[in-house]
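# Survey of secondary and tertiary structure
One letter stands for each residue in the lines below.
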Amino acid sequence: MKKLSIKNKNNESSRDFVEQYLQSCSTKEQFVHEVSNYLSDLKIEFYEYIGTLLKYAGFTNPHVTREGDVNCRFDATLIDSKHTVPIEIKSPREDKEINIKAIRQAFENKIVLLSRRFYPSSPEASSLALAFNYPASRSDVYELVDDIKTSFGYNIGLIDIHDLVRIVYDVPKNGRILNFDYIHTFQGKLDYEKATIKR
């Protein structure tokens, strides 16, 4: 597939890149391919672009830290009046796949959010791990996610860039909105078909 060229890629505002690809791509498959390829560029501020994608997906109040900022407890937070969700982000500079370390951090994020009460949340609200790709099907990651659920009752959710980008496309192009009842409490690998509902 021919790669689309976006002008001034290195200087382009993260707020503009989604709109440009939405206008340039004729299919969802092309959109996912091009945006994912763009986000694989190690020179961009990956966390900032994740914040942009979350807003386009329909999260009204996502808070994303600057990549490498160790003073912030969570990489990103989906702030909600009842079910605030913390997100552990792994950029391509760190790891391409969601790994054991990301799950442990997501688990720790959940404990810290409930105990320190930075934002309103609940025991059933998810704590997410996000990276470029899901783990391999036989990865120990899935077993650890299940163990955390069994032992502590906490939902650790996994989402990769490709599914997030698919949601970003579906919202404006296919008239869909986030299914917050699912998003706020899912466990394990994101079920893309449940993530959005018809507007």
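All residue numbers here refer to positions counted from 1 along the written sequence of the relevant chain. Owing to the predicted nature of the model, reporting of local features is limited to residues with pLDDT of at least 70; listing and counting of side-chain atom pairs is limited to 80 or more, with chain, interface and lining totals taken over all residues. Side-chain measures here rest on the full set of heavy atoms in the structure, leaving out hydrogens and waters.

### Some words on the overall build of the protein
The helix and strand inventory of the protein stands at eight helices and eight strands. Across the 199 residues in the protein, those meeting the buried criterion constitute 48%. Taking all contacts inside the protein whose residues are at least 6 apart in sequence as the whole, residues at least 24 apart take part in 65%. We get accessible surface area from the Shrake-Rupley algorithm with a probe of 1.4 Å; when it comes to residues, only the shown protein chains can shield them. Working note: accessible area of the protein is about 10,200 Å², and carbon and sulfur atoms make up 46% of it. Secondary structure elements are taken from DSSP: a helix is a run of H or I of four residues or more, a strand is a run of E of two residues or more, and numbering for both begins at the N terminus. Think of it in three bands: residues with accessible area under 20% of the maximum for their type are buried, residues over 50% are exposed, and the middle band is partly exposed, with areas taken using a 1.4 Å probe on protein chains only. Throughout, a residue-residue contact means that at least one pair of heavy atoms, one from each residue, lies within 4.5 Å.

### Considering the confidence of the model for the protein
Scored from 0 to 100, pLDDT reflects the predictor's confidence in each residue. Predicted confidence across the protein gives a mean pLDDT of 90, with 89% of residues reaching 70 or more. Residue range residues 1-11 is modelled with pLDDT below 50. Its contacts to residues more than four positions away, or to other chains, number 20 contacts.

### Some words on the environment of aspartate 95
Positionally, aspartate 95 belongs in the loop between β3 (85-89) and α4 (100-116). In sequence terms aspartate 95 and phenylalanine 132 are 37 residues apart; their C-alpha atoms lie 8.0 Å from each other. Sequence-distant contacts of aspartate 95, defined by excluding residues within four places in its chain, comprise Lys90 and Ala131.

### What to know about the packing of aromatic side chains
Given two aromatic rings, one states the distance between the centres and the angle between the planes to describe the pair. What counts as a ring pair is set by centres within 6.5 Å for rings of Phe, Tyr and Trp (its six-membered ring), and what kind of pair is set by the plane angle: stacked under 30 degrees, edge-to-face over 60, tilted for all other angles. Across all of its chains, the model carries twelve aromatic pairs by this definition. Look at phenylalanine 17 and tyrosine 38: their rings are 5.1 Å apart centre to centre, the planes differ by 20°, and that puts the pair in the stacked class. Taken together, the residues phenylalanine 17 in helix α1 (residues 14-24) and tyrosine 38 in helix α2 (residues 28-39) connect sequence positions 21 residues apart. Relative to tyrosine 38, the ring of tyrosine 21 lies with its centre 5.9 Å away and its plane at 75°, an arrangement referred to as edge-to-face. Here tyrosine 21 is found in helix α1, whereas its partner tyrosine 38 is found in helix α2, with 17 residues between them in sequence. With respect to burial, tyrosine 21 and tyrosine 38 carry one shared label: buried. Connected via pairs of aromatic rings, a cluster forms that spans Phe17, Tyr21, Tyr38 and Tyr49.

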